[in-house]
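Listed here are the chains, written in short residue letters.
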Amino acid sequence: MSTDRTAENIDRRDADDFDPRADEDFASAHRVYTELRQGCPVARSQRWGGFWALTRHADVSAVLTDKRFTTSVQNVVPKFAFTGRRPPLHLDPPEHTDYREVINRFFSKPKMARLEPLIRRDTVALLQPLIDSGETDIAADFAHRIPAYVFAEFFNLPRELAMTIREVTKIYVAAIMDVDDEVVKQYSMRLYDIARSVIAQREAEPMDPDEDLTTALLAARPNGQPLPPEMVLGCVRQLLVTGMVAPAVFIGTMFAHLAGDPALHQQLRANPSLIPAALEEYLRLFTPYRGMSRTPKEDVVIHGQTIRTDEPIALVYASANRDEAVFPDGDRFILNRPNIKDHIAFGRGIHQCAGIPLARLMLGIALEEFVLRTEHCELAGPVKMARWAEWGTTSVPLRVRGV
């Protein structure tokens, strides 16, 4: 990232380089991002009150690890956090750290090992009837549901409640994309009500704080003091949404690609040890978040453009992960890329996704069970795409032939 604290060479604040709400097909957004990376590294959109967008890998990575930028003002474009602060995402260190330390404990290898057979059981239970039917919308019938099943196991919640959270989240996210602030507030408050009920249940009947994240937040005593109740509520409310949306659009996208690449399908069937590598390339190629944001705590200059304090900057992970400067032939799926670890599908720095181990476990099991249980799949109709701030599919009609 080229920065200069004093020079102000450009002012493109009135420019309108792209429309994040444009109708899209499977490839159109990435054509736009290629053009922006090559010719407009600090892009400007006038939507949602105006925001900047960084599309190059180096620039996105630099901002993610630069302490001059914060999530406490706005952590996503468009802004929709109207109903309170939600740790740890809305906080900077040191405030952020107390919550993150509790959360991180729940993504250990032993905990993932305990969850693995449960996730596999639920994945197979959802997938096999769809495969047996011969035709399904894999996005709506499977990818929409499996995150809630995993969520229920991880948070020790009834599956019915997890599915309710998933449905509320779906409406909430759609309202964010429509910039319908009243509906956003309404459904955010519903999520807060659910969070209150979960906390009340744990207060009345505590679980082992080593086994239940909500109980662990209630039991935490950093510096000998409990975490503030309103911040515990905000944290649980944040966790109710995190991990529900991105897997739903990503899983369908994986299968849409697989439907167009029967050779890869057969390669993974013949050699399942390649599935983890395939998943990493899918995460790079089909990164589901494209609008996570930061705001500068002071005026900064990036590639000659001054960005003022608190002006929102969308960090377009989906573009950065196809940057030809880092990933040659970045629009192609290439198994076993030598530098695949450089992708930033989960972000980077102190706010990197805490749930990476669980995400990889869920997504890897979904891919593995699908390829091993099917001999062939093909698209049975047009796919439908999610809208900013997610990138991926919401509908993937498939014809499948089981083993």
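Residues numbered from 1 in each chain as written. Predicted model: local features only at pLDDT ≥ 70, side-chain atom pairs only at ≥ 80, totals over all residues. Heavy atoms only, no water.

**A few points about the overall build of the chain**
Helix and strand content of the chain: 15 helices and 12 strands. Its C-alpha radius of gyration of 21 Å places the chain within 12% of the 22 Å reference for a compact globule of 403 residues. If one aligns the C-alpha atoms of the chain with their principal axes, the spans along those axes are about 65 × 55 × 40 Å. Buried positions account for 55% of the 403 residues belonging to the chain. Here the contacts in the chain between residues at least 6 apart in sequence split such that 73% fall between residues at least 24 apart. Only carbon and sulfur atoms are counted for the fraction: they give 52% of the accessible area of the chain, which is about 16500 Å². Each charge class in the chain was averaged separately, 48 positive and 55 negative side chains, and the resulting centres sit 1 Å apart. (Helix = DSSP H or I, 4+ residues; strand = E, 2+ residues; numbered from the N terminus. Rg over C-alpha atoms; globule rule 2.2 N^0.38 Å. Buried < 20%, exposed > 50% of the residue type's maximum accessible area, 1.4 Å probe, protein only. Contact = heavy atoms within 4.5 Å. Areas by Shrake-Rupley, 256 points an atom, 1.4 Å probe, with all protein chains shown as cover. Lys, Arg positive; Asp, Glu negative; His and termini not counted. Charge placed at Lys NZ, Arg CZ, Asp CG, Glu CD.)

**What to know about the sheet that holds strand 5 (residues 292-296)**
Strand order in the open sheet formed by 5 strands is 1-2-8-5-3, and the pairing between neighbours is mixed. Looking along the sheet, the strands with just one partner apiece sit at the ends: strand 1 (42-45) and strand 3 (69-70). Pairing between strand 5 and strand 8 (residues 313-315): 3 bridges, direction antiparallel. Across the sheet, the residue bridging to Ser293 is Ala314, located in strand 8. (Pairing = 2+ DSSP bridges.)

**Some points on unusual backbone geometry**
The omega torsion across Val77 and Pro78 is 0°, close enough to zero to call that bond cis. Along the chain, Pro78 turns up in the loop between strand 3 and helix 3 (95-104). Residue Ala389 is reached from Trp388 by a cis peptide bond, and omega for that bond is 15°. Residue placement: Ala389 occurs in the loop between strand 10 (384-385) and strand 11 (393-395). In this structure, His303 takes a positive phi of about 50° despite not being glycine. For His303, the position within the fold is in the loop between strand 6 (300-302) and strand 7 (305-307). Positive phi, normally seen in glycine, also occurs at Asn336, with a value near 60°.

**Regarding the pattern of salt bridges**
In the structure shown here, the tally under the stated rule is 27 salt bridges. When the shortest N-O distance is used, the salt bridge between Arg47 and Asp16 registers 3.5 Å. You can see Arg47 sitting in the loop between strand 1 and strand 2 (51-54) and its partner Asp16 sitting in the segment before helix 1 (28-39), a full 31 residues away along the chain. Here Asp16 falls in the partly exposed class, since its relative accessible area comes to 42%. Among the ionic pairs, Arg322 bridges to Asp331, the shortest N-O distance being 3.1 Å. By sharing partners, the salt bridges in this structure join Glu116, Arg120, Glu368, Glu369 and Arg373 into a single network. (Salt bridge = Lys/Arg side-chain N within 4 Å of Asp/Glu carboxyl O.)

**Description of the state of the cysteines**
Scanning the model with the defined rule gives 0 disulfides in all. As a non-bridged cysteine, Cys235 has Cys353 as the owner of its nearest cysteine sulfur, 13 Å distant. (Disulfide = S-S within 2.5 Å.)

**Observations regarding the environment of Met254**
Its location among the elements puts Met254 in helix 11 (residues 246-259). Taking relative accessible area as the criterion, Met254 reaches 0% and is therefore assigned buried. For the pair Met254 and Tyr282, spaced 28 residues apart in the sequence, the C-alpha separation amounts to 6.7 Å. Leaving out residues up to four positions away in the same chain, Met254 has contacts with Leu279, Tyr282, Leu363 and Leu367.

**Let's talk about the pairing of strand 12 (residues 397-402)**
In this sheet, strand 12 lies alongside strand 4 (residues 135-137) in antiparallel orientation, the contact comprising 3 bridges. Note on strand 12: the bridge partner recorded for Glu135 is Arg399. Relative to strand 12, strand 9 (residues 374-379) runs antiparallel, the two sharing 5 bridges. By the bridge assignment for strand 12, His376 is matched with Arg401.

**Some remarks on the sheet that holds strand 9**
Spatially, 4-12-9 is the arrangement adopted by the 3 strands of the open sheet, whose pairing is antiparallel. Strands at the two margins of the open sheet, each flanked by one partner only, are strand 4 and strand 9. With direction set aside, neighbouring strand axes in the sheet form an average angle of 30°. Sheet strands in contact with helix 11 are strand 9 and strand 12, and its direction is about 95° off that of strand 9. (Axes fitted to C-alpha atoms, helices over the stretch in contact; angles between N-to-C directions.)

**A short note on the side chain of Glu390**
Here Glu390 lies in the loop between strand 10 and strand 11. It is Arg290 that comes nearest to the buried, bridge-free Glu390 among opposite-charge side chains, at 7.4 Å. With residues near it in sequence (within four places) discarded, Glu390 still touches Val173, Val245, Val249, Pro288, Tyr289 and Arg290.

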